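Remarks on the overall topology
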Amino acid sequence: MKRKGIYHKFMLRPIIYLAAYRLMLSLIFLLILVRLVPHGPAPRLVCGFLAMLFALLSYLVYLRMDGLRIPRVKYIRPRKKPDPMRNLGAMTDHVDDDPGVSFEELEVDERDFCSFIANVVNLAIFLVASFIL
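A brief report on the enclosed structure follows.

What counts and what doesn't
Here the residue index of a chain counts from 1 through its sequence in written order. In keeping with the predicted nature of the model, local features appear solely for residues at pLDDT of at least 70, side-chain atom pairs appear and are counted solely at 80 or more, and the whole-chain, interface and lining totals rest on all residues. Working from all heavy atoms in the structure, the side-chain values ignore hydrogens and water. Strands here are runs of E lasting at least two residues and helices are runs of H or I lasting at least four, both read from the DSSP assignment and numbered beginning at the N terminus. By definition here, a helix of n residues has an expected span of 1.5 Å times n minus one. Summary of the burial criterion: residues with accessible area below 20% of their type's maximum are buried, those above 50% are exposed, and those between are partly exposed, where the area comes from a 1.4 Å probe applied to protein chains only. Whether two residues are in contact is decided by their heavy atoms: any pair within 4.5 Å suffices. Each patch is built from residues lacking any salt bridge and having more than 30% relative accessible area; the joining distance is 9 Å for like charges and 5 Å for nonpolar side chains (Val, Leu, Ile, Met, Phe, Trp, Tyr). Here, Shrake-Rupley sampling with a 1.4 Å probe gives the accessible areas, and only protein chains in the shown set may cover a residue. What counts as a salt bridge is simple: a side-chain nitrogen of Lys or Arg found within 4 Å of a carboxyl oxygen of Asp or Glu. When the centres of two rings from Phe, Tyr and Trp lie within 6.5 Å, Trp using its six-membered ring, the rings pair. Their planes under 30 degrees apart give stacked, over 60 give edge-to-face, and anything left gives tilted. Here, over-ring charges are defined by two tests on the NZ atom of lysine or the CZ atom of arginine: distance to the ring centre within 6 Å, and angle to the ring normal within 35 degrees.

1. Some thoughts on helix 3 (residues 108-132)
A turn of α-helix holds 3.6 residues, and therefore any two residues three or four places apart point the same way. The terminal C-alpha atoms of helix 3 lie 36 Å apart, and with 25 residues this matches the ideal 36 Å at 1.5 Å per residue to within 8%. Restricting attention to buried positions, one finds in helix 3 the residues E110, D112, F113, C114, S115, A118, N119, N122, F126, A129 and S130. On the buried face of helix 3, the contacting elements are helix 1 (12-36) and helix 2 (43-66).

Laid out in structure tokens, this is it:
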């Protein structure tokens, strides 16, 4: 596995988006369990569970980066209807702007690295939160 040289500057945006999205979903799960479930678990236990979940996810992504592949069934996408033509305005002001790279535009190794770093960031957040709460 080539770990050195995978990270590039343009991968920062997908890492932040993945980490923030996973953090928000986890916090929603935490709030639902703590606030809406009567006699629910303590926040410290839920944060510990989420930290272990992100540790497991980061380990699975690490294995995928190391070469482990799980065979999957091929997903057949239904045909999309073409979008209607709309004239929303001129784009001449933004012709020279450099568009950011999305997660789907990255290569497989770069996607795995972004997912690994996002999982490790969330693991650290919930591990610290499990000791503080």
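2. What about a nonpolar patch on the surface?
Nonpolar side chains collect at one region of the surface, where F29, F49, L53, L56, L57, Y59 and L60 lie side by side and expose about 640 Å² of accessible area between them. With 6 residues, the top contributor of residues to the nonpolar patch is helix 2. The partly exposed category is assigned to L57, whose relative accessible area is 34%.

3. What to know about the packing of aromatic side chains
Working definition: an aromatic ring pair is given by the centre-to-centre distance plus the angle between the planes. On inspection of all chains with the given rule, the structure shows 4 aromatic pairs. Considering the side-chain rings of Y62 and F116, the 6.2 Å spacing of their centres and the 40 degrees angle between planes classify their relative orientation as tilted. Residue Y62 is located in helix 2, and its partner F116 is located in helix 3; the two are separated by 54 residues in the primary sequence. According to the relative accessible area criterion, Y62 is partly exposed, its value standing at 27%. Residue placement shows R111 over the ring face of F103; its charged tip is 6.0 Å from the ring centre.

4. Description of unusual backbone geometry
Even without a glycine there, the phi angle at H39 is positive, about 55 degrees. Mapped onto the elements, H39 comes out in the loop between helix 1 and helix 2. Owing to a relative accessible area of 85%, H39 belongs among the exposed residues under this scheme.

5. Focus on helix 2
For helix 2, which comprises 24 residues, the first-to-last C-alpha distance of 34 Å matches the rise-based estimate of 34 Å (1.5 Å per residue) to within 8%. For helix 2, the full list of buried residues reads V46, C47, L50, A51, F54, S58, V61 and M65. Those residues of helix 2 that are buried are in contact with helix 1 and helix 3. Of the residues flanking the end of helix 2, it is G67, one or two places downstream, whose phi is positive at about 125 degrees.

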